[in-house]
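# Descriptive structure summary
What follows is each chain in one-letter form.
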Amino acid sequence: MDRKSFLTKLGAAILAGIPLLSLWSCSDNSEDDMDDMEEEEDADDTDDTDDTDDTDDTDDMDDTDDTDDTDDEPTTSCVDNGTSSTISANHGHSLTVSKEDVAAGVDKTYDITGSGTHSHSVTVSAQDFATLQSNNDVTIQSTASGHTHNVTITCA
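Criteria and cut-off values
Throughout, a residue's number is its position along its own chain's written sequence, starting from 1. This being a predicted model, a pLDDT of at least 70 is required before a residue's local features are given, and a value of 80 or more before pairs of side-chain atoms are given or counted; all residues contribute to the totals for chains, interfaces and linings. In computing side-chain values, all of the structure's heavy atoms are included and hydrogens and water are not. What goes into a patch is any residue over 30% in relative accessible area without a salt bridge, connected to like charges within 9 Å or, for nonpolar side chains (Val, Leu, Ile, Met, Phe, Trp, Tyr), within 5 Å. In these tables, accessible area is a Shrake-Rupley quantity obtained with a 1.4 Å probe, and a residue counts as shielded only by the protein chains included in the view. By definition, a salt bridge exists where a carboxyl oxygen of Asp or Glu is found within 4 Å of a side-chain nitrogen of Lys or Arg. Secondary structure counts use DSSP, requiring at least four H or I residues in a row for a helix and at least two E residues in a row for a strand, with both numbered from the N terminus. Whether a residue is buried, partly exposed or exposed follows from its accessible area with a 1.4 Å probe, protein chains only, as a fraction of its type maximum: under 20%, in between, or over 50%, in that order. In this analysis, two residues are considered to be in contact whenever any of their non-hydrogen atoms come within 4.5 Å of each other. Any two strands are treated as partners once DSSP identifies two or more bridges connecting them. The axes are straight lines fitted to the C-alpha atoms, using for helices just the contacting stretch, and the angles between their N-to-C directions are given from 0 to 180°.

### Re a nonpolar patch on the surface
A cluster of nonpolar side chains, M1, F6, L7, L10 and I14, forms an exposed patch at the surface whose accessible area comes to about 540 Å². For I14, the location among the structural elements is in helix α1 (residues 3-25).

What follows is the structure, encoded as structure tokens:
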């Protein structure tokens, strides 16, 4: 056998072996391994609970930890900071919902044309504004112009 035919057969064997390896790795043994891993995680969770109970006895440490955690996390507030928006399959559209609009909380229709070559609009309902006032995201579908967009409004 010459070098060229050897390399051709070796390449074919490797290519044929890859699917076989992936089938072999998806055997029933992996489910048993997952069960074992879940049991270990359950055991770890139990240990964590015991540790938490031990630290609850000191009030000073808990108060300090809570204060540090809130300082490190960025605060988002639609009422204080307004919103940011993400538009699915976007091609130039934009939406700005001001903090004043969120605070007013009444139905409002926005034109989201932006730099797009066609227009869409989105109506944010009073219920949507109540959701934003609670600092939760809302997703609204735009009007159709041959297609629609899902617009997600998030607190800034």
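### What to know about the environment of N81
Mapped onto the elements of the fold, N81 is located in helix α4 (residues 78-81). Its relative accessible area of 43% is what places N81 among the partly exposed residues. As for N81 and S98, which are separated by 17 residues in sequence, their C-alpha atoms are 8.1 Å apart. With near-sequence residues (within four places) excluded, N81 lies in contact with T75, T76, K99 and A156.

### Describing the sheet that holds strand β1 (residues 83-87)
As summarised here, the arrangement of the three strands in space is β1-β5-β4, forming an open sheet in which the pairing is antiparallel. This sheet does not close on itself; its edge strands, each paired only once, are β1 and β4 (138-141). Going across the sheet, the axis of each strand differs from the next one's by a mean of 25°, ignoring polarity. Looking at chain direction, β1 and strand β5 (residues 150-155) are connected through five bridges and run antiparallel.

### Digging into unusual backbone geometry
Unlike most non-glycine residues, A89 shows phi in positive territory, near 45°. Inspection of the secondary structure assignment puts A89 in the loop between β1 and α5 (99-104). Taking relative accessible area as the criterion, A89 reaches 65% and is therefore assigned exposed. Look at N135: it is not a glycine, yet its phi comes out positive at around 65°. Looking at the secondary structure, you find N135 in the loop between α6 (126-133) and β4. On the accessibility criterion, N135 (33% relative accessible area) is partly exposed.

Interpretation note: all reported values are geometric properties and have no functional meaning in isolation.
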